[in-house]
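Working through the structure, step by step
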Amino acid sequence: MIRYTLRCERGHQFESWFQSSSAYESQERRHLIDCPSCGSDKIERAIMAPQIVSKKGREPAQPVPAAPVEATPAESTSLMMAQERELRSKLKELRDHIVKNADNVGDRFPNEARKMHYGDIEHRPIYGEASPEEARALIDEGVEVSPLPTLPEDRN
């Protein structure tokens, strides 16, 4: 196991454990690591000093600070993590509700949404796929659309 000090694009620092450096790199490439403070998935390793174990009694030597780190109270981090878990749970609940109660029309979504908007077919709850350009075009036409919430575990 390896512990990294990580930093998001907004400068928040946090620590996380990984099985190996290649496990970290794989998760970083797939955007599976996100900042517990702001949710950003643009993460990089911060400069950190290794923890050296002395031979006398196998006591860890005092690590040399690599760079000043913004102090964040443990309670604040713990609270943020609890809030993040709750938010993710609510987003998953919302997504599951939509998937359960709406028809998946797949890549026909833009056409189906337009037909409903213009009264060509009966309104019903649907979800599906649309490119960013298609979604913008729908919004420009006044068609009400929203993306389904995505969670880090969905990005495989």
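None of the values given here were measured: they were computed from a predicted structure. (Residues numbered from 1 in each chain as written. Predicted model: local features only at pLDDT ≥ 70, side-chain atom pairs only at ≥ 80, totals over all residues. Heavy atoms only, no water.)

A few points about the pairing of strand 1 (residues 2-8)
As a reminder of what qualifies: For two strands to be treated as a pair, DSSP must find at least two bridges joining them. Secondary structure elements are taken from DSSP: a helix is a run of H or I of four residues or more, a strand is a run of E of two residues or more, and numbering for both begins at the N terminus.
Across 6 bridges, strand 1 lies against strand 2 (residues 13-18) in antiparallel orientation. Residue pairing across strands places T5 opposite E15, the latter belonging to strand 2. Counted between consecutive antiparallel strands, the loop separating strand 1 from strand 2 contains 4 residues, among which G11 sits at a positive phi close to 90 degrees.

Focus: the pattern of salt bridges
Where we set the bar: In what follows, salt bridge is the name for a side-chain nitrogen of Lys or Arg lying within 4 Å of a carboxyl oxygen of Asp or Glu. Exposed residues in this analysis have more than 50% of their type's maximum accessible area, buried residues have under 20%, and partly exposed residues fall in between, with area computed by a 1.4 Å probe over protein chains only.
This structure, assessed with the given rule, holds 10 salt bridges. Of the charged contacts in the structure, one is a salt bridge between R7 and E44, with a shortest N-O distance of 3.6 Å. Of this pair, R7 sits in strand 1 while E44 sits in strand 3 (residues 43-45); the two residues are 37 residues apart in sequence, bridging distant segments of the chain. Accessibility expressed as a relative area gives 26% for R7, which makes it partly exposed. Among the ionic contacts, a cluster of salt bridges with common partners joins D103, R108, E112 and R124.

Some points on the packing of helix 3 (residues 109-117) against helix 4 (residues 132-140)
Operational definition: Whenever a helix is involved, its axis is fitted only over the stretch in contact; in every case the axis is a line through C-alpha atoms, and angles between N-to-C directions fall within 0 to 180 degrees. We call two directions roughly parallel when the angle between them is under 35 degrees, roughly antiparallel when it is over 145, roughly perpendicular when it lies between 65 and 115, and oblique otherwise. Two residues form a contact once any of their heavy atoms are found within 4.5 Å.
Viewed as axis vectors pointing N to C, helix 3 and helix 4 meet at an angle of 5 degrees, and their least axial separation amounts to 10 Å. Considered as vectors, helix 3 and helix 4 are oriented roughly parallel to each other. From helix 3, F109, P110, A113 and R114 reach across to helix 4, where they touch E134, A137 and L138.

Focus on the environment of I98
Examined against the element boundaries, I98 turns out to sit in helix 2 (residues 74-101). A relative accessible area of 25% means that I98 is categorised as partly exposed. As a C-alpha pair, I98 and P125 span 27 residues in sequence and 8.2 Å in three-dimensional space. Not counting residues up to four positions away in its chain, the partners in contact with I98 are Y127 and L148.

A look at the state of the cysteines
Rule in force here: Pairs of cysteine sulfur atoms within 2.5 Å are what we label disulfides.
Tallying each qualifying case throughout the model produces 0 disulfides. Counting only cysteine sulfurs, C38 is the nearest neighbor of C35, a cysteine outside any disulfide, at a range of 3.8 Å. There is no disulfide at C38, and the cysteine sulfur nearest it, in C8, is 3.8 Å away.

Re the nonpolar core
To be explicit about the condition: Take the buried Ala, Val, Leu, Ile, Met, Phe, Trp, Tyr and Cys residues and link them wherever side-chain atoms come within 4.5 Å; each set so joined is a nonpolar core.
Judged by nonpolar contacts, Y4, L6, C8, F14, F18, Y24, I33, C35 and I43 together constitute the single largest core of 9 residues. Among the elements of the structure, strand 1 and strand 2 are those that each provide at least two residues to this core.

A short note on helix 3
The test is simple: This arc describes the spread of directions from the helix axis toward the C-beta atoms.
Listed in full, the buried residues belonging to helix 3 are F109, P110, E112, A113 and M116. For helix 3, the angular spread of buried residues about the axis comes to 165 degrees, placing them on one side. In the core, the buried residues of helix 3 are packed alongside strand 4 (103-106), strand 5 (126-128) and helix 4. Taken from the residues just after helix 3, G119 is the one with a positive phi, measuring 80 degrees.

Notes on a negative patch on the surface
Going by this rule: Patches were defined on residues exceeding 30% relative accessible area and lacking a salt bridge, with like-charge contacts within 9 Å and nonpolar side-chain contacts (Val, Leu, Ile, Met, Phe, Trp, Tyr) within 5 Å. The Shrake-Rupley method, run with a 1.4 Å probe, gives the accessible areas here. Residue values count only the displayed protein chains as cover. We score Asp and Glu as negative and Lys and Arg as positive, and we do not count His or the chain ends. Where a charge sits is defined by one atom per residue type, namely NZ (Lys), CZ (Arg), CG (Asp) or CD (Glu).
Taken together, the side chains of D107, E129, E133 and E134 make up a negatively charged region of the molecular surface. Relative to the helices and strands, E129 resides in the loop between strand 5 and helix 4. The class for E129 is exposed, based on a relative accessible area of 56%.

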